[in-house]
Amino acid sequence: SAGIQPLSRLSIEEKIGQMVAYACTGRFYSREDKEYLRLRSLVVEHKVGGLIIFGGEVFATAFLTNHFQGLADIPLLFASDLERGLGTQMDRTVLFPPFMALGASRSEDLAFTMGRITAEEARAVGIHMTYAPVVDVNINPDNPIINTRSLGEDPEQVGRLASAFIRGCQDHGLLATAKHFPGHGDTALDSHSVLPAILAARERLDQVELMPFRMAGEEGVKAVMVSHLAVPALDPEQDLPATLSHPILTGILREQMGFQGLIVTDSMRMGGLSAFSPEEAAVRAVHAGVDMLLIPPEPEKAIEALIKAVKTGIITNRRIDESVRKILLAKASLRLHKDPYVLPESLPSLIARSAHLDAAQRLMEESITLVQNRGMALPI
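Every chain is numbered on its own, with residues counted from 1 as its sequence reads. Local features are withheld for residues below a pLDDT of 70 in this predicted model, meaning they are given only at 70 or higher, and side-chain atom pairs are given and counted only at 80 or more; totals for whole chains, interfaces and linings count all residues. Note that the side-chain values use all heavy atoms of the structure and ignore hydrogens as well as water.

## Brief notes about the overall build of the chain
Put simply, DSSP marks the helices as runs of H or I at least four residues long and the strands as runs of E at least two long, and each gets a number from the N terminus on. A count of helical and extended segments in the chain gives 14 helices and 8 strands. Here the globule rule reads 2.2 Å times residues to the power 0.38, and the radius of gyration is calculated from C-alpha atoms. Taking 2.2 N^0.38 as the reference for a compact globule, 380 residues should give roughly 21 Å; the C-alpha atoms of the chain span a radius of gyration of 20 Å, in line with that estimate. Counting only C-alpha atoms and orienting by the principal axes, one finds that the chain spans roughly 70 × 55 × 35 Å. Expressed as a percentage of its 380 residues, the buried residues of the chain come to 57%. Here a residue-residue contact requires only that any non-hydrogen atoms of the pair lie within 4.5 Å. A sequence separation of at least 24 residues applies to 80% of the contacts in the chain between residues at least 6 apart. Using a 1.4 Å probe on the protein chains alone, a residue whose accessible area is under 20% of its type maximum counts as buried, one over 50% counts as exposed, and one in between counts as partly exposed.

Set out below in structure tokens:
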């Protein structure tokens, strides 16, 4: 890796490449594998800002992150969805119980420990960012997609435990991401397949959905993930996903809530965006205030559409520079320009240590909750 270039030295093509992150697997790739060749092209030719790891194995992931860092002109930001620790994606690493179990424990100490262990194991394989914690308040019992991924139904408790988890991650070198803004807890639909709507009034949104995001912001969370949800109380354009909404992202998250970190999308492949072409979705998301587009269906076309939008004046150079400056500063804060590599030989002594496994076990035990006690059978 050549290090982190000053913003002024980057071409518009390089800047826009930094705003895209694409999916890969932490498994073995042959050098002639079509998927590998596409990833190589995205890193070398299109200068994407990062890769997102889904599934895999510890040594293969460390090899992969080192390999692609060696090919990148600007160090890559590797991210992964690690809601339950590195074990969410990788075999033979520590898997914590779901966030709802952490909520049942009510323990900030366990939340911090969970964040710390997630960070130590993720950084060991070359992952710098987790798309966690979920700070959605689980107030709809029919929710098909958040449910046990939520820390609970009390917004103050969700914010308090999420903040401790964020602290554990970020104090140990892993960027955390509060998601799914502006709150995915009160829906009975799954935004992976359709566009849900949150129909609550602004006052309720302030008291419930937005409270944990404010608390995460005060904790210094480095990123917020925005969801493909329509929220008419925040943007009267009825069927517009929050991902593409300037009033929600710039008006509320940036200006009213004062969030200065990275705004990243949920996967741009999801059904919640199906009313828009991939190119239009990419341009509208950046115009709305998004800094990083995650997994656009055809990343090359998304990059091309954004370059065209800048050259035709639909998006300003300043809007692009705001995002790219945030991305480069995040990479510099991780010291990736100094050393983006990991040491595979150190992994057996860093991952799935007995102290880490004991912490996951302790959280499981602390989460066990007495819901009913018919005939006062307990304690025995």
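After that view, the rundown keeps rolling.
## Overview of the side chain of Ser 107
Residue position: Ser 107 is located in the loop between α4 (99-105) and α5 (108-125). Here a polar contact is taken to be a pair of N or O atoms separated by no more than 3.5 Å, where protein atoms must pair a possible hydrogen donor with a possible acceptor and residues adjacent in sequence count only if both atoms sit in side chains. Here the side chain of Ser 107 touches Leu 110 through a polar contact of 2.9 Å, landing on its backbone nitrogen. Residues in contact with Ser 107, not counting those within four places in the same chain, are Leu 102 and Leu 161.

## Let's talk about the sheet that holds strand β2 (residues 50-56)
By definition, two strands form a pair when at least two bridges between them are found by DSSP. Strands sit in the order β4-β3-β2-β1-β8 across an open sheet of 5 strands; the sheet is parallel. The outermost strands of the open sheet, each flanked by one partner alone, are β4 (129-130) and β8 (293-294). Taken together, the 2 bridges between strand β3 (residues 77-80) and β4 define a ladder with parallel strand orientation. For Ser 80, the partnering residue across the bridge sits in β4 and is Thr 130.

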